[in-house]
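Notes for the structure review
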Amino acid sequence: METTVDMEKETKEFLVNIHFPEEIIIEILRRLPVRILMQFKLVCKPWNSLISDPTFKLSTKRRQRAIMCTTQITEKFDGTHFDEKRKMLYSLDCELFVQDLPCPVKVPSERYTIQFLGSCNGLLLFCTSGCIYLWNASTRCCRQLHQLNGLMKRSSYHLFGIASGLCFNESSNDYKAVIIDTNPYVEDRSLRVSSFVYVASLRRRIEWTDINFPYKLIRNQRTTLASGALVNGHLHWLVEEGSGNETVIVYFDETTNQFHKFPMPETTPHEGGFATPFLRLIVLDGCICMCISGSNFRSNDILIMREYGVKESWTTLFRIQGIQGCFVPLFSSVSDDDILVSNAWEIEVYNCKNNSSKKIKLSPDRELLDGYPLVYEETLESVDWVQQD
C-alpha cells in the first residue's frame, strides 16, 4: 500500500518534470496581482529578470484601485462639533477589499494632509508637507520630486485651488507633471486673475517650465480641485474661457507642451445647461466622461464620449439618483450593475439597476474623506529613475 510520503514524492517528481512553454508562463504571470508578482521575483533568477523587465511591467493586467486620505474624527461633548484625529490612507479595489496603507514619507505629525495630484501607469503624484512626490503604492516605492517653496507664485506652500495631472510622453519615454495655478492670494493684485502652468519632465533633472495658459480655472471649488482626466495619453480639464467665462474642455499635448480645446457635449440633461453647480471630468472604461449635477444635487448625470474627439459621440451613460450629493463614479465593482461612487466625504456602492446604495466603512472608526479618491492602476512601474531635487 502506497504511503503518504510516497505520494508526496511522486507528486514532486511529476511537477519537476512539467515544462510549460515560456509564452504560457509569461501570460500566466501577466494576469497575477502585483503583490503576488513581487513575491514571485524571489522564485528564481529568470522570473526575477522577466518581472523586472520594463516591457513586462507595463504589459501586466491593470487592476483598478481607488486611493483616499481620510480624517478620523470624534464628537465633542456637546455633539455639535468634531475634533480631528490622525489621518489615514486607504486603497480600495473592485472587490471592495480595503487596504490600510502606511504614509510613504515622513510627516511632522499624525495630522498630515496628502493631496493627490494625478496618476499614470500606476504611479501617483502627490503633495504633502511642502514637497511633491512620485509613488507606486503597489510596490511601496517613493521618490521626492521637488520642494514647493519657490515654485508657486503664492505665499504658502500648499496646492489647494489648483488643477494638476501626470502623463506619459511615449516619444521621449518620459513622464510629465502638470500643475495649473490660479491663486487669489498672491501679493501682486495684477496676478490674481492669471493662471500659471508649470510642467516638468521627470526623467531628466527636474526643472519646472512656466508655459502659456489662456484660460482660467473654474471658481467652483469642487470642480477645480481635480486631477486631469487622462484619456488617449492626454490630460483633460474643465476651464473657463473669455470675458463671458464660458465653460470649455481643454487637453494638454504632452509632446508639444501646448493646450488645445476639446469638444464639449451639445446639450446637458439638466435645465440650465452647463451653468449648473457641479461639473467634473472622469474616466470610465477608457473613455472620457462628464459628471453633471442638477441644482438640487438630487441626481447626477454621467455623459460619455464613445469615440474620442468626436463631438457627436457624447451620450448619456446613466444617471445616479436616490442619493443626494455630488456623487462621482470611480469604477465598476464586482457586478456590472454596481458602481463605486464618492461625494468627497464618503464612498458608496451604487446599483444602477435599482438606484440603491450602500456605504463602505473603511475602518471601525468614524472617518471622513479629505476629498475625492484618486483612481489608479496596479503596476510594477519603478520610480528608481527619478532624478531627485
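If you're wondering where the values come from, they're calculated on a predicted model, not measured in any experiment.

The next point concerns the side chain of asparagine 121. For asparagine 121, the location among the structural elements is in the loop between β4 (115-120) and β5 (123-128). Note on asparagine 121: relative accessible area 17%, which makes it buried.

Looking now at the nonpolar core. If you look at the biggest cluster of nonpolar residues, it comprises 24 residues, and the most contacted ones within it are Leu134 and Leu202. Elements with a minimum of two residues in this core: β4, β5, β6 (131-136), β8 (162-169), β9 (174-181) and β10 (196-201). Excluding residues within four positions of it along the chain, leucine 134 makes contact with Leu123, Leu124, Leu125, Cys141, Cys142, Arg143, Leu145, Leu166, Leu202, Val383, Trp385 and Val386. Counting residues in hydrophobic clusters, the runner-up holds 18 residues, among them Ile320, Val328, Val341 and Tyr372.

This brings us to the environment of alanine 226. On the secondary structure map, alanine 226 appears in strand β13 (residues 226-227). On the accessibility criterion, alanine 226 (12% relative accessible area) is buried. Considered as a pair, alanine 226 and phenylalanine 116 are 110 residues apart in the sequence and their alpha carbons are 8.9 Å apart. Dropping the residues within four chain positions of it, alanine 226 is found in contact with Ile162, Ala163, Ser164, Trp237 and Arg280.

What follows concerns the sheet that holds strand β24 (residues 347-351). Strand order in the open sheet formed by four strands is β22-β23-β24-β25, and the pairing between neighbours is antiparallel. Among the strands making up the open sheet, the edge pair consists of β22 (328-332) and β25 (356-359). Each neighbouring strand pair of the sheet contributes to a mean axis angle of 30°, computed without reference to strand direction.

Its boundaries defined by the atoms lining it, the second largest pocket holds a volume of some 500 Å³. Residue lining of the second largest pocket: 19 residues in total, with Pro33, Arg63, Arg65, Asp93 and Glu378 positioned closest to the centre. Every element with two or more residues in the lining of the second largest pocket is listed here: α3 (34-40), β1 (64-75) and β27 (374-377). Among the residues forming the lining of the second largest pocket, the class breakdown is six nonpolar, three polar and 10 charged.

Another aspect to go through is a nonpolar patch on the surface. Together, Phe20, Ile24 and Ile28 give the surface a local cluster of nonpolar side chains, amounting to about 290 Å² of exposed area. Examined against the element boundaries, isoleucine 24 turns out to sit in helix α2 (residues 22-30).

What counts, and where the lines are drawn
Residues numbered from 1 in each chain as written. Predicted model: local features only at pLDDT ≥ 70, side-chain atom pairs only at ≥ 80, totals over all residues. Heavy atoms only, no water. Helix = DSSP H or I, 4+ residues; strand = E, 2+ residues; numbered from the N terminus. Buried < 20%, exposed > 50% of the residue type's maximum accessible area, 1.4 Å probe, protein only. Core = buried A, V, L, I, M, F, W, Y, C linked by side-chain atoms within 4.5 Å. Contact = heavy atoms within 4.5 Å. Pairing = 2+ DSSP bridges. Axes fitted to C-alpha atoms, helices over the stretch in contact; angles between N-to-C directions. 1 Å grid on protein atoms, 1.4 Å probe; cavity = no way out; pocket = protein on both sides within 12 Å on 5 of 7 lines; lining within 4 Å. Points joined across faces, edges and corners; volume = space filled by probe spheres on them. Nonpolar A, V, L, I, M, F, W, Y, C, P; charged D, E, K, R; others polar. Patch = residues over 30% accessible without salt bridge, like charges linked within 9 Å, V, L, I, M, F, W, Y side chains within 5 Å. Areas by Shrake-Rupley, 256 points an atom, 1.4 Å probe, with all protein chains shown as cover. Salt bridge = Lys/Arg side-chain N within 4 Å of Asp/Glu carboxyl O.

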